[in-house]
Structure formats: structure tokens, C-alpha cells
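Residues per chain, in single letters:
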2 protein chains.
Amino acid sequence: MSARRPVIAFQGERGAFSQEATRKLCGPDVEVLPCVRFEELFQNLKAGRAAGAVVPIENTLAGSVHENYDHLVNFELPIVAETSVRIVHNLIAPKGVKFSQIKRAFSHPVALNQCLDFFAANPQIERIPFYDTAGSVKMVTEEGLQDAAGIASSVAAEIYGAHILRRSIESDRQNFTRFFLLRTPEYARKHPVRVAEGTQWKTSLVFSTRNIPGALFRALSAFALRDLNLMKIESRPLRGKPWEYLFYLDFLGRADSEVAQNALNHLREIADFLRILGCYPKGA
Amino acid sequence: MSARRPVIAFQGERGAFSQEATRKLCGPDVEVLPCVRFEELFQNLKAGRAAGAVVPIENTLAGSVHENYDHLVNFELPIVAETSVRIVHNLIAPKGVKFSQIKRAFSHPVALNQCLDFFAANPQIERIPFYDTAGSVKMVTEEGLQDAAGIASSVAAEIYGAHILRRSIESDRQNFTRFFLLRTPEYARKHPVRVAEGTQWKTSLVFSTRNIPGALFRALSAFALRDLNLMKIESRPLRGKPWEYLFYLDFLGRADSEVAQNALNHLREIADFLRILGCYPKGA
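Residues numbered from 1 in each chain as written. Chains lettered and ligands numbered in written order. Predicted model: local features only at pLDDT ≥ 70, side-chain atom pairs only at ≥ 80, totals over all residues.

**Description of the overall build of chain A**
As a reminder, the rule being used: Only DSSP runs of H or I covering at least 4 residues are called helices, and only runs of E covering at least 2 are called strands; the numbering of each starts at the N terminus. Computation of the radius of gyration draws on C-alpha atoms, with the globule rule given as 2.2 Å multiplied by the number of residues to the power 0.38. In this scheme every C-beta is placed from the backbone, and a residue whose C-beta has 20 or more other C-beta atoms within 10 Å is buried, one with 12 or fewer is exposed, and one in between is partly exposed. Note on contacts: residues are paired as contacts if their backbone-placed C-beta atoms lie within 7 Å.
When helices and strands are counted, chain A shows 10 helices and 15 strands. Taken against the 2.2 N^0.38 rule, which gives 19 Å for 284 residues, the C-alpha radius of gyration of chain A at 21 Å falls within 12% of a compact globule. Evaluated residue by residue, chain A yields a buried proportion of 48% over its 284 residues. Counting contacts in chain A only where the partners sit at least 6 residues apart, residues at least 24 apart contribute 73% of the total.

Next up, the structure:
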């Protein structure tokens, strides 16, 4: 039974926020394949070692995960769904360890930076950068450290049999990470996404323009003149062309609707390069 | 004499690429103030402990240094000049150490990632992330390590009395970092930048729009309709408003020219928030 469950790859150790996103996107009935680096996620899906990959694309405080934008264009694996996860950081230690014993807190640098008020109020605790949030809990628990804690999701405490010393120590509660579910092109073709009537759709694409005055304005006009609402635009350097850029853009609408097709044809007139990265139901 | 030399703050150890940028922006006759974190640069300049700060803003391979965009808007220290530095990575070891002895290479993760071809060709050398490029040379030299090298600029080899085992090991030669020189508002007012006739100028600004359809398109129209050429646009999350963004924009032109003033007045009609970050001669 278990062998037939689909494998979904994510980055980080078991208990990472990506695992929570995986549950929201694919349900509880999947095998997870934790990967060390983001690139591995894409490689595993491309090579068929996973049926899907869950990748963080932006955080409301830290901004976009730019590396994953680069992989999206390089690997050509379509986005089929999105979700967002509220990031709640907890101070987690091996069972039996008390808060007063904690002298060091390990976590991913982004997580440490999101708990600055906690560290200001607790100057006796040193921040130590670690490769992963959930991985920090795994490490302090496996090593049985008596003076150290990890900072991670409550799921990490559960998985590694550790306990939460302080809940929700993040400075800013408006802390959400948006995730994409990626599939292979074949899978996406065979399994079109089914949704309730009235669902809104989003389309993500990437394009570059010739380096001429007003090029980006003209590109955006393809959407604005058709009342297609842009949700996000992100620029990334274009390899081999210093100071030129690729633009990643999300708009509200289905790529195969008539208005979007007209906009995309208009954009093709202007763009040097254009690729649809995916069309998926708008997340909550 | 030395005590009167202006102090310029940069991030990284002596010998960092930022020091090369400092030399290009301020000449050789300055004291440098190396800082551990980017935020310290801004704090030192704001508090008058430095007369200027040199900050990296984007790299043609890695993309923008987003943290510094955030600091630009928070600290309100004007940009008065820009330059770009070609990034050449060298494998550097203590004197007497041979290439065949090297088993570990320390450097900043971005630098390690920019030398992947070198590591693929030399699988016997382990990559070890370190906090700084020049700092890695300082460490291997001070510790007198016999099996380790740092990856950094040739200036770092000079400064720490180390020697270069392999020159220019970066995979992509189109590797440039753009730096800004920041001053205090008072300094910038008292010392207007003087340039040769015919020099081109750039203006950097940041704005946010109401979250309405077509808002970014309308904002860019303020420039496009006046033939003001955009050089770069960057989006960053807006704190406290999940999934809304600040836009950082560079255009070619002087902020105080009539056409730019008209464009800025037009943009003010549309923007919720608008601030000029600086107006400076276009770098080579």
C-alpha cells in the first residue's frame, strides 16, 4: 500500500515548512522525499524520482526565493497549484531541557532574522546559523544537547520527539510563504486540474525584452490594455547579458482564455523570449 | 595626516571586492572601515562614524542584493555615485602550500557557487561555506592551514601575504557587481557631485502603488510617455501588507531636469509612497 503512494519532493528536513505546504497541496497520503538543495527538487522531479515537487517561491518578509525562479525557467516543469503557509517559529529543545538552560539557538539564517525581538529580549541566547529549520531540531535532539534549542515549526517538534519551550517567537505575524506544486509536463497534460466553478486562476510566465526604451512598459501594456490584473513582477539577471533582465510575471486569469491569448500574442510581438510557467487555481 | 583621511565603510574583510569598489569610487586616499553586516554600514554612516559607505546592489549572475534595497529605504542615505567591479575569483593559500595539498576551499557561498566548473574539475577539493571571501584568505593564512585555500580577490592575497594557486576560477566571466556610494544628506547637499559635460545621469527611486489593476503600468507610463529610459526595476515585499510590493526603479536622467520633474509629479498622482534614493553620474 505504502509503496504506491505518490512521492513528493521538498527541500529541507522532515518537519520543514515545505512539508506543511506539501500536506496542503497534496493531502496527507503521500510519501515525502526531503532534499538538501533546491536544485535537487527539480532534478528529482525531472528524472521521475518524484511525482511532484513543492517549492517556496516568496515570503512576505524576506521576499522572493530567486534561486527557484532561475530553476523554473531552466527545468521547464509546470506549476499546477499554489498555496501559502503562515510561518510560526517555535523554540524547540530535547525533552527535559528547560528554557533557563538554553544558551544557543540554531536555525536557518532567515528564521533567526525573523525572531530578532525574541533575541533582543533574551540576550543570553546566542544565534547560530544552521542549514535548515527542522534540521536544527533534529540535530539538537539527536545530539541530546542540554544548552541548545532549534527554531522551527511545531511539526518538527512532533517528528523529532522534542518539546516546544516558547511558541510563536517570530517578530512579525504577517509572515507567510507562498509555495508552488510542480509536476512533469506529461503528468500535467494527463491530469488536468479540476476545480469548483467560479474558481479564480493565475498564470505565471517569464519573458525578456529587447533593451530599448519603454520595452517593459510596452510589455505590461499587453495586460493592462485588456484589464488583466498583474499580481507580481520579479526581475532576474539575464545570463551572459550584463545589466539586462528576465521578468517573471503572474496575472489573474487562465492562460487559455481568449483575453489572455490575445495578451500573450501581443506580448510575443514585443518579447525576445516568452514562456508560460504554469496556469493554476489561485490559492486562498 | 592619516587621521584626516575620510573614512569609508564597506562590508567584508580588508581585500573584499567592496574595497576595490571603494578605491574606484573614492580614490586610494581614504581610511577603510570594514563592517561585518550590511546594516552596520548604514548605521556607521548615519551615526557619522564614516563619511561614506560603499554597498553592493546587484551582481550580473546572482541578482540584486535585496537586503540593501531594504536598507536604502529605511536609512534615507542618498546614493551619490555608482561603479561596477569585475568579479575575478582566485584560489589562494598560505605561502609554501602547493595546489596538490588542497583538500578544502573556504569562501562565501555565492563565490563558491560561481566556481562550479572548477570544483567539477577538482572533485578532491571540498567546498566549505564561509562568511566572507577575503575573510577566508585571512583565516587560512592566520591559521597556517596546509590543506586549505580561500577563494577571493587578488587584493586579498596581497593584503594577507598569501599566494594565488589558481587565477580566475569563476565559471562565467560576465560576472560584475554594481556598487553604490552613499553619503549623509548633509554631506550630499554641501558637496554636489561635479562631472564632465555630457555625462549621463541616473536617478534611483522607490514607490508603492495602491493595489488596483494596472497600477504598475500606470506608474511606468509616467516615464515611458516622456521617453525616460528605465534601466532597472526591482520589487520587494511591503512590510505588513502581504502580497503587496515596493518597487525600486532606476531611470536615465537627472531628477531635477524638467522632464524628470514632470514624470515624478505624474508618478506622485498614482503612488501611495514615493522617495528619491539618489541622482548620480552613470557608471562606466
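Next comes the rest of the account.
**Concerning the relation of the copies chain A and chain B**
Going by this rule: Each copy is superposed on the other by least squares, with the fit set by C-alpha atoms of residues at a pLDDT of at least 70 in both.
Aligned on chain B, chain A shows an RMSD of 0.0 Å; the corresponding rotation is 180 degrees and the shift along the axis is 0.0 Å. Such a turn and shift between the copies fits a two-fold axis. Interface overlap between copies: 100% of the residues of chain A at the interface are likewise at the interface in chain B, consistent with a symmetric, same-surface contact.

**Points about the packing of helix α9 (residues 215-224) of chain A against helix α9 (residues 215-224) of chain B**
What counts, and what does not: To get an axis, a line is fitted to the C-alpha atoms, and for a helix only the part in contact is used. The angle between two axes follows their N-to-C directions and goes from 0 to 180 degrees. Left-handed describes a crossing whose near helix is turned anticlockwise from the far helix by less than a right angle; the clockwise case is right-handed. Asp, Glu, Lys and Arg are counted as charged, while Ala, Val, Leu, Ile, Met, Phe, Trp, Tyr, Cys and Pro are counted as nonpolar; the rest, among them Gly, fall into the polar class.
Running from N to C, α9 of chain A and α9 of chain B point in directions that differ by 145 degrees, and their axes come no closer than 10 Å. The handedness of the crossing between α9 of chain A and α9 of chain B comes out as left-handed. Residues Leu216, Phe217, Leu220, Ser221 and Ala224 of chain A of α9 of chain A form the contact with α9 of chain B, whose participating residues are Leu216, Phe217, Leu220, Ser221 and Ala224 of chain B. Across the contact of α9 of chain A with α9 of chain B, the residue classes tally to eight nonpolar, two polar and no charged.

**Focus on the sheet that holds strand β6 (residues 90-94) of chain A**
All names here are of chain A. Basically, it comes down to this: In this analysis, strands are considered paired if DSSP registers two or more bridges between them.
Read across the sheet, five strands follow the order β8-β7-β9-β6-β10 without closing on themselves; strand pairing throughout is mixed. Every other strand in the sheet has two partners, leaving β8 (126-129) and β10 (162-166) as the edge strands with one partner each. Ignoring strand direction, the axes of neighbouring strands in this sheet form an average angle of 35 degrees. The pairing of strand β7 (residues 104-107) with strand β9 (residues 148-152) spans three bridges and is classified as parallel. Among the inter-strand pairings, Phe106 is bridged to a residue of β9, identified as Gly150.

**Points about the sheet that holds strand β10 (residues 162-166) of chain B**
Residue and element names in this part refer to chain B. Ordered by their spatial adjacency, five strands build an open sheet running β8-β7-β9-β6-β10, and the pairing between neighbours is mixed. Looking at strand neighbours, the two that pair on one side only are β8 (126-129) and β10, the edges of this open sheet. Adjacent strand axes in the sheet meet at a mean angle of 35 degrees, parallel and antiparallel pairs treated alike. In this sheet, β10 lies alongside strand β6 (residues 90-94) in antiparallel orientation, the contact comprising four bridges. From the neighbouring strand, Ala93 faces β10, where its bridge partner is His163.

**Observations concerning the domain arrangement of chain A**
Accessible area lost on assembly of the parts is the figure often given for the size of an interface. Residues and elements named next belong to chain A. Going by this rule: Start and end points for every domain follow an automatic or database-based domain assignment.
For chain A, the assigned domains read domain 1 (2-86 + 175-190), domain 2 (90-166) and domain 3 (201-281). On a C-alpha basis, the centres of domain 1 and domain 2 stand 25 Å from each other. On the domain 2 side, the residues contacting the 11 residues of domain 1 number 14 residues.

**Here we look at helix α10 (residues 258-270) of chain B**
Residues spaced three or four apart along an α-helix point in a common direction, a consequence of the helix completing one turn every 3.6 residues. Residue and element names in this part refer to chain B. Rules: Under the convention used throughout, the expected extent of a helix is 1.5 Å for every residue step, that is, one less than its residue count. Each direction from the helix axis to a C-beta atom contributes to the arc, which is the arc of those directions.
The end-to-end C-alpha distance of α10 is 19 Å, a good match for the 18 Å that 13 residues give at a rise of 1.5 Å each. Turning to α10, its buried residues are Ala260, Ala263, Leu264, Leu267 and Ile270. Buried residues along α10 cover an arc of 110 degrees about the axis, so they all sit on one side. Of the exposed residues in α10, the ones pointing more than 90 degrees away from its buried face are Glu258, Gln261, Asn265 and Glu269. For α10, the secondary structure elements touched by its buried residues are β12 (201-209), α9 and β15 (271-281).

**A short note on the interface of chain A and chain B**
Opposite the 24 residues of chain A that make contact, chain B presents 24 residues. Within the residue set of the side of chain A that touches chain B, elements represented by two or more residues are α9 and β13 (230-237) of chain A. A total of six residues in the side of chain A that touches chain B trace back to one element, the largest contributor, which is β13 of chain A. Of the residues assigned to the side of chain A that touches chain B, the class counts are 12 nonpolar, nine polar and three charged.

**Considerations on the confidence of the model for chain A**
Spelled out, the test is: The pLDDT score gives, residue by residue, the confidence of the prediction method on a 0 to 100 scale.
Overall, the predicted model of chain A reaches an average pLDDT of 94, with 99% of residues at or above 70. Our summary of model confidence lists the complex with pTM equal to 0.89 and ipTM equal to 0.87.

**Thoughts on helix α6 (residues 133-142) of chain A**
All names here are of chain A. Burial within α6 is extensive, with eight of its 10 residues counted as buried. Residues of α6 that are buried: Thr133, Ala134, Gly135, Ser136, Val137, Lys138, Val140 and Thr141. Taken from the residues just after α6, Gly144 is the one with a positive phi, measuring 60 degrees.

**Topic: the environment of Cys35 of chain A**
Residues and elements named next belong to chain A. Inspection of the secondary structure puts Cys35 in strand β2 (residues 31-35). The class of Cys35 is buried, set by 21 C-beta atoms lying within 10 Å. When the C-alpha positions of Cys35 and Glu13 are compared, they lie 7.4 Å apart, and in sequence the two are 22 residues distant. Not counting the four nearest positions on each side in its chain, Cys35 is found in contact with Ala9, Phe10, Gln11, Glu40, Leu41 and Asn44.

**Overview of the pairing of strand β7 (residues 104-107) of chain B**
Consecutive side chains of a regular strand alternate in pointing toward one face of the sheet and then the other. Where β7 of chain B lies against β8 of chain B, four bridges are found, and the strand directions are parallel. If you follow Phe106 of chain B over to β8 of chain B, its bridge partner there is Ile128 of chain B.

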